[in-house]
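Breakdown of the fold
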Amino acid sequence: MSQDQIAVTGKPVVPAAPSASATGAGAFVRRHQIVEHIVLLFGVLLMMGPIAVAFTTSTHDPVTIHSEGMQLGFGDNFLPTYEAVIFEQTGFTKQVTGWGMSLNSLILGLGFAIGKIIVSMLAAYAIVYFRFPLGTLCFWIIFSTLLLPLEVRILPSYEVVQGLGLLNSYTGLILPLIASATGTFFFRQFFKSVPNELLEAARIDGAGPFRFFWDILVPLSRTMIAAIFIIMFVVGWNQYLWPILMTTDESFYTVVRGIRQILQVWIGADIPDYNEALGLAIIAMIPPVLIVIIFQRMFIKGLVESEK
Amino acid sequence: MHKAQFQSPLYPYLLLLPQMAIVAIFFLWPSAEAVRSSFFLQDPFFGNETFVGIDNYTDAVTRSDYGRAAWFTFLFTVVVTFFSLGIALLLAVAADNVLRGQGPYKTLLMWVYAIAPPVAGLIGIMLFDQHIGPIVDFFALFGWDMRVGVDYWDSGIAMMIVATWKQIPVNFIFFLSGLQSIPKGVREAASIDNPSASGRFWTIIFPLLAPTSFFLMIINITYAFFETFGIVDVMLKGEPGNNPVTLVYKVFLDGFRGNDLGGSSAQSVILMVFVLALTIVQFRLIERRVHYT
C-alpha cells in the first residue's frame with residue numbers, strides 16, 4: 001500500500017536517483033560510511049572483546065594470570081587447560097568431566113527442542129484444524145503459560161517435581177521447561193497462514209486428519225521447524241536456574257550448571273584456576289554459538305517471527 | 001477468513017493431551033500451589049502449616065531488604081533497558097547503512113546472543129576482578145577504586161554492565177530487521193524531503209520503528225527481571241552478603257536458603273501480578289502493531 005503511493009508520487013524523481021549516486025552524492029554517502037564503519041567496529045570491539053580476552057586468558061597458566069592479570073596474547077598453556085577442563089575428573093565425587101557435562105547439555109538442548117516442537121505442533125494442529133467443544137478453553141489454558149515464567153514459581157515447581165520423584169532425571173530436567181507455550185503459538189500462527197485450499201484439496205483426495213498432517217503440514221513447516229529448533233536448542237543448552245534446583249547429583253550436571261560449581265571451588269583457593277574457569281566458559285558457548293552462526297539466516301527468521 | 005476444519009470427537013483431545021498434561025502438572029499445579037502457600041506459614045522441621053492470611057505479603061513488603069531489592073531491581077531494569085536499546089539501535093542504524101561488510105558485522109554483533117547468562121556472568125566477574133580484571137585497572141586510571149563483591153554499588157554497576165552487554169544482540173537483531181522492513185520508496189522520498197541524515201532519522205525512520213521499540217521495551221523489562229538470574233548468581237558467587245540482588249533472586253534466596261516458603265511464595269505472587277500487567281500491555285501493543293502494518 002505505502003509502496004504504491006511512493007511509486008506514484010515519486011515518479012519524476014526516479015531517473016534522477018542513479019545520477020545522484022554516481023556523482024557528488026556518491027562521495028557524500030561514502031564519506032558518511034566511514035562514520036558507520038567506526039561505529040560498527042566499536043560495537044564489534046564491545047561485543048567480541050570480552051570473549052577474545054576470555055579465550056586468550058584461558059591459554060595461560062593460573063600463576064601468570066594471577067600475577068599479571070588477564071592476558072591479550074595467546075599463551076602456551078592451551079592444551080593443558082583444555083585437556084583438564086574436558087577430561088579431568090572434578091567435583092566432590094571426582095566423576096564429573098567437561099565432556100560428561102557437555103553430553104548432559106546436549107541431551108537437555110536436544111530433548112527440550114525436539115520435545116517442545118512435537119508437543120507444540122500437535123497442540124497447534126488440534127487448535128487450528130479441529131472444531132471441538134473444549135477447544136477455546138484449552139487454548140486459554142495454554143495461553144496462560146505465557147503469563148508466568150518459571151522464575152516466579154520455582155519453589156512450588158521444585159516441590160511438584162520432587163513429589164513425582166523426578167529429581168536428578170532427564171525427564172524432570174526437560175518436561176517442566178516444555179510447559180511454556182511459546183512453540184504452540186509459533187505453530188498456531190504458521191498453520192493459520194497455510195491456505196485453506198490445501199485442506200479442501202486434501203479432503204477431496206480422501207485424506208484424513210493424520211494424512212493431512214503428516215503428508216502436507218509437516219513438509220510445509222520444514223523451515224519453521226528448523227528455525228524454532230535452533231532457538232530452542234540454544235535456550236535449552238543455556239538453562240541455568242532449573243538445573244541448579246533439579247540436579248544435586250553431579251552426574252546430571254550440564255556445562256552451564258558446572259559454571260556455578262567452578263565458583264564454589266574457587267572461593268577457598270589461594271590461586272584459583274582462572275584458566276580452567278574461562279576454558280569451561282568457552283566450551284559452554286561453542287555449541288550454541290556455532291549453531292546460531294551457521295544457521296544465522298534461519299535463526300533470525302525464527303526469532304523475529306516467533307515474537308510476532 | 002474462516003479456516004476449514006475437521007470434525008472428530010477424539011482426535012483433537014489426543015493431539016492436545018501431551019501439551020495439556022505438561023501444562024497441568026508443571027504449570028497449573030505449581031502456580032496454584034504458589035498462591036496457596038503464600039497464605040500459610042510453614043514449619044520447615046515438622047511440615048505443619050498455619051493459615052496466616054495476608055501476613056506473608058505484609059511481612060515481605062515491609063521488610064527493609066525487600067525495599068532495597070525492589071529499588072535496585074527498578075534501577076537495574078531502567079539502566080539495562082535504556083543502554084541495551086540505545087546501543088543496539090545505534091549499531092543497527094549503522095549496519096543498515098553500510099553497503100559492504102554487513103554480513104560479518106551482523107555475525108560478530110549477534111554472537112553474544114548464544115551465550116548463557118551465567119557464562120556472561122563468569123566472564124564479567126573476571127573482567128571486574130580485584131586482582132586480574134582489566135576493567136578495574138581501567139577505572140583505576142580515573143581514580144575509581146572499584147570493589148566488585150564488596151561495595152554495594154560497585155557490584156550493582158558491574159552487574160548492570162554485564163546484563164546490558166548480554167542483551168544488545170537481541171535488540172540489534174530486532175532493530176535491524178525493523179529497519180530493513182521499511183520500504184525503499186519511503187527512504188528515497190525522505191532523502192529528497194530532508195537532506196540531513198540525522199533529521200531524516202528522527203522525523204521518519206524513528207517513528208516507523210516505534211512499534212518495534214515498544215515491543216522491545218517489554219522484552220527488555222522481562223529480561224532484566226527474570227533472565228538475569230544467572231548473571232546475578234554467578235557474579236555474586238552464590239553469596240550475596242552485602243551486595244544488591246534482584247527480586248527474582250530474592251525469591252530464590254528466601255525460598256531455598258532461608259527456608260521461608262510462605263514469604264518466598266508471596267514474593268512470587270507479587271511478581272506474577274507484575275508479569276500479568278506487563279503481558280496485558282504487551283498484547284495491547286501487538287494489537288496496535290497490526291494496525292501499522
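Predicted model only: the values in this text are computed from it and were never measured. Here the residue numbering is sequential within each chain, running from 1 through the sequence in written order. As a convention, the first chain written is A and the first ligand written is 1, with the rest following in written order. Local features in this predicted model are restricted to residues of pLDDT 70 or higher, and side-chain atom pairs are both shown and tallied only at a pLDDT of 80 or more, whereas totals for entire chains, interfaces and linings draw on every residue.

1. A closer look at the domain arrangement of chain A
Residue and element names in this part refer to chain A. An automatic or database domain assignment is the source of the domain bounds shown. Examined at the domain level, chain A breaks down into domain 1 (2-83) and domain 2 (98-306). We call two residues in contact if the C-beta atoms placed from their backbones are at most 7 Å apart. Counting from both sides, the interface comprises 13 residues of domain 1 and, opposite them, 10 residues of domain 2. Residue assignment for the side of domain 1 that touches domain 2 shows that the elements contributing at least two residues are α3 (24-58), α4 (62-68) and α5 (78-87). Ten residues, namely Ala, Val, Leu, Ile, Met, Phe, Trp, Tyr, Cys and Pro, are considered nonpolar, four, namely Asp, Glu, Lys and Arg, are considered charged, and the remaining ones, Gly among them, are considered polar. Across the side of domain 1 that touches domain 2, the residue classes tally to 6 nonpolar, 6 polar and 1 charged. Starting at the N terminus, helices and strands are each numbered in turn, a helix being any DSSP run of H or I of at least four residues and a strand any DSSP run of E of at least two.

2. A word on the interface of chain A and chain B
Each side of the interface is counted separately: chain A has 86 residues, and chain B has 85 residues. If one sorts the elements of the side of chain A that touches chain B by residue count, α3 of chain A sits on top with 12 residues. Class assignment for the residues of the side of chain A that touches chain B results in 60 nonpolar, 18 polar and 8 charged.

3. What to know about the UniProt feature "transmembrane region" (unreviewed entry) in chain A
Residues and elements named next belong to chain A. Mapped onto this structure's residue numbering, the UniProt feature "transmembrane region" (unreviewed entry) falls at residues 38-57, 106-130, 137-158, 170-191, 212-237 and 277-300. Helix makes up 96% of residues 106-130 and strand 0%, with an end-to-end C-alpha separation of 35 Å. Secondary structure content for residues 212-237 is 96% helix and 0% strand, and the end C-alpha separation is 33 Å. UniProt positions are given in the numbering used here, feature names are shortened, and annotations may be inferred rather than shown by experiment.

4. Digging into the UniProt feature "domain: ABC transmembrane type-1" (unreviewed entry) in chain B
With numbering matched to this structure, UniProt assigns "domain: ABC transmembrane type-1" (unreviewed entry) to residues 70-282 of chain B. Counted over residues 70-282 of chain B, helix gives 77% and strand 0%. Its end C-alpha atoms are 22 Å apart.

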